[in-house]
Amino acid sequence: MSPDARVGLVVVSHSRALAEATVALALQMVADDPPAVAVAAGTDDGGTGTDATAVMTAVEEVGGSGGVLVLMDLGSAVLSAELALELLGDPGYEVRFSPGPFVEGVVTAVVQAAGGAGLAEVAREVAAAGRDKAAHLGGDDLDDSAAASTSAPTDDVDGVVVEQVEVVNAHGLHARPAAAVVAAARRYEADVRVSDVTSGRGPVSARSLLGLQMLGAVRGHVLRIQGTGEGARELVDELAAATRDGFGEPIGNAGEGGYPSAVGNAAAVQGPEVGPGVLRGVPAAPGRGHGPVWFAEELPPLPTGTAGSPAEEQARLDAAVAEVAAALDRRVTASTGEHRDVLRAHRLLLDDDALLGPAAEAVRAGRDASAAWQQAVDAVVEAFEGLDEEYLAARASDVAAVGAQVRRALAGSSGGLRPRPGVLVVDDLAPDDVHLLAPDVVRAVVTARGSATSHAAILARATGLPLVVAGGPAVLRLAEGSTLAVDGGTGELVPHPDDGLLRRWQEQTDADDRAGSAARGRAHDPALTRDGVRIHVAANAVGAEDAREAARQGADGIGLLRTELVFHGREHAPDDDEQTAQYLAAADALDGRRLTIRTMDVGGDKPVPYADQPEEANPFLGLRGVRLSLARPELFAAQLRAVVRTAQQAPVAVMFPMVATVDELTRARQALLAAARQVGVTDGLPPGLEVGLMVEVPAAALRARHLAPLVDFVSIGTNDLTQYTLAAERGNSHVAGLGDALDPAVLALVDTVCRQVGPEVRVAVCGEGAADPVAAAVLVGLGVRELSVSPRSVPQVKHHVRALDSHQAAALAGRCLEQPDAVGVRALLEVELRTATDDGPASSP
């Protein structure tokens, strides 16, 4: 499309600064071929106001066959624009005025026009930008057509496909889920844009990792996913389903890797004063270390000489980006787990037009490649740091880290950290540098800036490197070579520590090391309480890779295999063979340990396009889990046949989610028996195939004695049981504080289940509550005999179980049931934990 065939945009404002800042923000959202935008703002003498002649000139500047859309801030700007159109006469192309919001409207218009949308579509989307926010905020003055524009899903007469969906991830649309969106978008030809209806940010391309993250969409925000072109329906459905499912991430507290979500509040977790001169930062990775201070090397300075031609500078920049991208590709291949996820996200940044586009524009304006690149990086970093959500704001460090690698490549420097013994003090820590910092050499790291939720902090916790972040400028003024003691669990930084402090810290460190080593050393041993009660510690998984990790960590099996991902993101249901292959791959990784398969927990808030699901006002109370399975017998039968075929070759259990009545469980068992007959099992079920149900609905807990004769085990899903018991949707940020699995009402239901099912029926817990170390004593005391947690948590949970006495745990659980609320329960457990630490193992871990 030629430039003059695209929509031209005129931005009319009383303030020149406001207009230019808004346009600059909008241009960050598009690639290096933005639409024509002209600003008519302020007065000639730099004052506030609008001028019809300036508006007319701006229209003429950007006008062409694609037409012009004029966006205005205040009422008198409208008058100036109308007068300008009269002065202009007939320009030979259409000029429209937009009633949409100013900032959101300019951003929307730039993105839509850059993508080739026509004048009518651009105008419609700008108007929708305001209606979406008004609808979300509950505006009473919306007319019916405006309200209709926010409903989802819809198929516009022009072929526009729209879904609206709430973000449920604990950390919102951060790097990993955003990377999943980008990966999905690149498989389709469709053009898909994503907006945050709650904040009014966007739309941005679904192919832009930076754009998606800079939406700042946190848990509870509503996303508007809009697609056009071939495959739009499939892609929009896939992205909406993935968003509802949390992109495969845990939906719960915002802590990463078991680290408390309160970690960002240093005051909440800091220990007692240890003397004058103590500095304080935010604890980000536990552990203690001390040694001489050393500082990281600074970036190569920006060139001060004359830049080459734009073509030469762009070639230099392209070569540097390609060099870093190739290095990251090699690192991705060689890495695993969280480190691989972080590196993949960094690699996507190097393909992102939100970063490459502004850099290329600066090069064309005559800037040196290094300066142009740094300008683009700084703009994105500033945008991230302006986000309200700490976890998303912390993504600024990822952009800065990638930016530094390209800067070094442009300067011909290998750069990076060259580890030295002692304590590294740095302005901020790049995730890619963490792997260089072996804890046996670098004793600890302290940063002046940064966040406990940054990727660097996540990786530091995974590698056992003590880290304190946000220590402020004072840490950068420490004398190089001076001794610094660092406590990553409290945030304490002690310059020039005396021998007494170092001795006490070393004793505590030795005790922690012994406990951690003991837990890892016995990870493959059974978890027996001190009085000999066996507690199975299993792992939750979504596939074979998780199952392999669970086996490495000593899990007693898989207590929950989530099968939803087999069904999501596709146009047709998976057949028996595909499902059997996936289940067998997970079973093979367990070396004879039991694989517990949960049947498809889709429907309601997690739809699949081929299940013919109804629209529901409250999907959490609708057709989901076993209800949907029973309503779609052909889908259910295929999965059950795959379960039976897997059970013929490996130890397997199957459990049905969202059971509320005896009738539902009876019909599910009948369907399982029918599936067994279909694959040639003529006498009941294959030997060893256990049958269970998930207790997620209070009704199931209260009628557990009637359900027990039909099952071999029950698995309590504390996430759903908590939200249904407390009427607090776990994905709703407004009531998230109510959703504590240690609320006495929830514990009372767990107690009811354990007492009603009797000793012949095993009781497991596979929700967030099972992974909470302080909850282990309560759950074991109530009668739970299996805890299913993340694979990495298995050794530590086993360690906590071994510190328990089941009789003392039962007494403690009884006292917890008498507390008025979750706060009282946690306070009681904290006292018990402190007593156990002071006096030796007691009734708490």
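Residues numbered from 1 in each chain as written. Predicted model: local features only at pLDDT ≥ 70, side-chain atom pairs only at ≥ 80, totals over all residues. Heavy atoms only, no water.

Draft legend 1. View of the overall build of the protein chain. The secondary structure content of the protein chain amounts to 32 helices and 26 strands. Relative to its 845 residues, the protein chain shows a buried fraction of 55%. Long-range pairs, those at least 24 residues apart, make up 71% of the contacts in the protein chain with a sequence separation of at least 6. For the protein chain, the exposed surface amounts to about 33800 Å²; the carbon and sulfur share of it is 51%. (Helix = DSSP H or I, 4+ residues; strand = E, 2+ residues; numbered from the N terminus. Buried < 20%, exposed > 50% of the residue type's maximum accessible area, 1.4 Å probe, protein only. Contact = heavy atoms within 4.5 Å. Areas by Shrake-Rupley, 256 points an atom, 1.4 Å probe, with all protein chains shown as cover.)

Draft legend 2. Main features of the nonpolar core. Membership of the largest hydrophobic core comes to 81 residues, with the highest contact counts inside it found for Ile558, Phe656, Val753 and Leu787. Broken down by element, the residue count for this core peaks at seven residues, all from helix H28 (residues 744-757). Setting aside its immediate chain neighbours within four residues, Val753 contacts Val695, Ala701, Ala704, Val714, Ile716 and Val763. Counting 79 residues, the second-largest nonpolar core is a separate cluster that includes Val30, Leu317, Val324 and Ala369. (Core = buried A, V, L, I, M, F, W, Y, C linked by side-chain atoms within 4.5 Å.)

Draft legend 3. Structural context of the pattern of salt bridges. The full count for this structure, using the stated rule, is 28 salt bridges. Asp525 is the salt-bridge partner of Arg522, the closest N and O atoms lying 3.5 Å from each other. Here Arg522 falls in the partly exposed class, since its relative accessible area comes to 40%. Each of the salt bridges in this network shares a partner with another, and the network as a whole consists of Glu163, Arg233, Asp237 and Arg244. (Salt bridge = Lys/Arg side-chain N within 4 Å of Asp/Glu carboxyl O.)

Draft legend 4. Representation of the sheet that holds strand E16 (residues 483-487). The strand order across the open sheet built from eight strands is E10-E17-E16-E12-E13-E14-E15-E11, with neighbouring strands paired in mixed fashion. Among the strands making up the open sheet, the edge pair consists of strand E10 (279-280) and strand E11 (282-285). For strand E12 (residues 288-295) and E16, the ladder comprises five bridges, and the chain directions are antiparallel. Pairing of Arg288 across the sheet is with Asp487, part of E16. Packed onto the sheet, helix H18 (residues 499-521) meets E12, E16 and strand E17 (492-495) and runs at close to 120° relative to E12. (Pairing = 2+ DSSP bridges. Axes fitted to C-alpha atoms, helices over the stretch in contact; angles between N-to-C directions.)

Draft legend 5. Spatial organisation of the environment of Gly491. Summarising the element assignment, Gly491 is placed in the loop between E16 and E17. You can call Gly491 buried: its relative accessible area is 0%. Taking the C-alpha atoms as reference points, Gly491 and Val468, separated by 23 residues in sequence, lie 5.6 Å from one another. Look past the residues within four positions of Gly491 in its chain and what remains in contact with it is Leu279, Arg280, Gly281, Val282, Pro283 and Val468.

Draft legend 6. Structural view of the sheet that holds strand E2 (residues 37-41). Strand order in the open sheet formed by four strands is E2-E1-E3-E4, with parallel pairing between adjacent strands. This sheet does not close on itself; its edge strands, each paired only once, are E2 and strand E4 (95-98). Geometrically, the sheet is characterised by an average inter-axis angle of 20° between neighbouring strands, direction not taken into account. Pairing of strand E1 (residues 8-13) with E2, which is carried by five bridges, proceeds in the parallel orientation. Residue pairing in the sheet places Val12 in a bridge with Ala40 of E2. Packing of helix H1 (residues 16-27) onto the sheet brings it into contact with E1 and E2, and relative to E2 it is tilted by some 160°.

Draft legend 7. Inspection of a negative patch on the surface at higher detail. A surface patch of negative charge is lined by Glu189, Glu230, Glu234 and Glu571. Its location among the elements puts Glu189 in the loop between helix H7 (175-185) and strand E7 (191-196). Glu189 sits in the exposed class, given a relative accessible area of 67%. (Patch = residues over 30% accessible without salt bridge, like charges linked within 9 Å, V, L, I, M, F, W, Y side chains within 5 Å. Lys, Arg positive; Asp, Glu negative; His and termini not counted. Charge placed at Lys NZ, Arg CZ, Asp CG, Glu CD.)

Draft legend 8. Summary view of the packing of aromatic side chains. All told, the structure shown has one aromatic pair when counted by the stated rule. Seen in terms of ring centroids, Phe636 and Phe656 are 6.1 Å apart; in terms of plane orientation they differ by 70°. Their pairing is edge-to-face. Of the two residues, Phe636 sits in helix H23 (residues 633-647) while Phe656 sits in strand E22 (residues 652-656), which places them 20 residues apart along the sequence. Here Phe636 and Phe656 have matching classes, each one buried. (Phe/Tyr/Trp six-rings, centres within 6.5 Å; stacked < 30°, edge-to-face > 60°.)

Draft legend 9. Region of interest: the confidence of the model for the protein chain. Chain-level pLDDT for the protein chain is 80 on average; 82% of the residues reach the 70-or-more range. Note on residues 252-275: pLDDT under 50 across the span, and 46 contacts to partners over four residues away in sequence or across chains. (pLDDT = per-residue confidence, 0-100.)

Draft legend 10. Spotlight on helix H24 (residues 662-678). With 17 residues, H24 should cover 24 Å at 1.5 Å per step; its first-to-last C-alpha distance of 25 Å lies within 8% of that length. Taken together, the buried positions of H24 are Glu664, Leu665, Ala668, Leu672, Ala675 and Ala676. Summarising the axial view, the buried residues of H24 lie within an arc of 115°, below the 170-degree limit, and thus occupy one face. In the core, the buried residues of H24 are packed alongside helix H22 (626-631), H23, E22, strand E23 (690-695) and helix H26 (704-707). Gly680, located one to two residues past H24, shows a positive phi value of around 100°. (Expected span 1.5 Å × (residues − 1). Arc of directions from axis to C-beta.)

Draft legend 11. How the structure looks around the environment of Asp546. Following the sequence through the fold, Asp546 ends up in helix H19 (residues 544-552). Accessibility expressed as a relative area gives 26% for Asp546, which makes it partly exposed. Taking the C-alpha atoms as reference points, Asp546 and Arg792, separated by 246 residues in sequence, lie 9.9 Å from one another. Excluding anything up to four places from it in sequence, Asp546 contacts Ala541 and Pro791. In terms of polar contacts, Asp546 uses its side chain to reach the backbone amide nitrogen of Val542, at 3.1 Å. (Polar contact = N/O pair within 3.5 Å; in protein donor to acceptor, adjacent residues only side chain to side chain.)

Draft legend 12. Looking closely at the side chain of Asp368. With respect to the element layout, Asp368 can be found in the loop between helix H13 (353-364) and helix H14 (369-385). For Asp368, the side chain forms a polar contact with the side chain of Arg316, separated by 3.4 Å. Leaving out residues up to four positions away in the same chain, Asp368 has contacts with Pro303, Ala307, Glu313 and Arg316.

Draft legend 13. Molecular detail of helix H31 (residues 806-817). For H31, built from 12 residues, the straight-helix expectation of 16 Å at 1.5 Å per residue is met to within 8% by its first-to-last C-alpha distance of 16 Å. Among the residues of H31, those classed as buried are Ser806, Ala809, Leu812, Ala813 and Cys816. Buried residues of H31, seen end-on, are gathered within an arc of 115° and therefore sit on one face of the element. Two or three places before His807, at the opening of H31, Asp805 has a side-chain oxygen 2.9 Å from that residue's backbone nitrogen.

Draft legend 14. Region of the structure containing the packing of helix H27 (residues 718-726) against H28. Packing of H27 against H28 leaves a shortest axis separation of 9 Å and a crossing angle of 120°. Judged by the angle between their axes, H27 and H28 are oblique. Relative to H28, the crossing made by H27 is right-handed. Between H27 and H28, the contacting residues are Leu721, Thr722 and Thr725 on the first element and Ala745, Val746 and Leu749 on the second. Along the lines of polarity and charge, the residues of the contact of H27 with H28 split into four nonpolar, two polar and no charged. (Parallel < 35°, antiparallel > 145°, perpendicular 65-115°, else oblique. Left-handed = near helix turned anticlockwise from the far one by under 90°. Nonpolar A, V, L, I, M, F, W, Y, C, P; charged D, E, K, R; others polar.)

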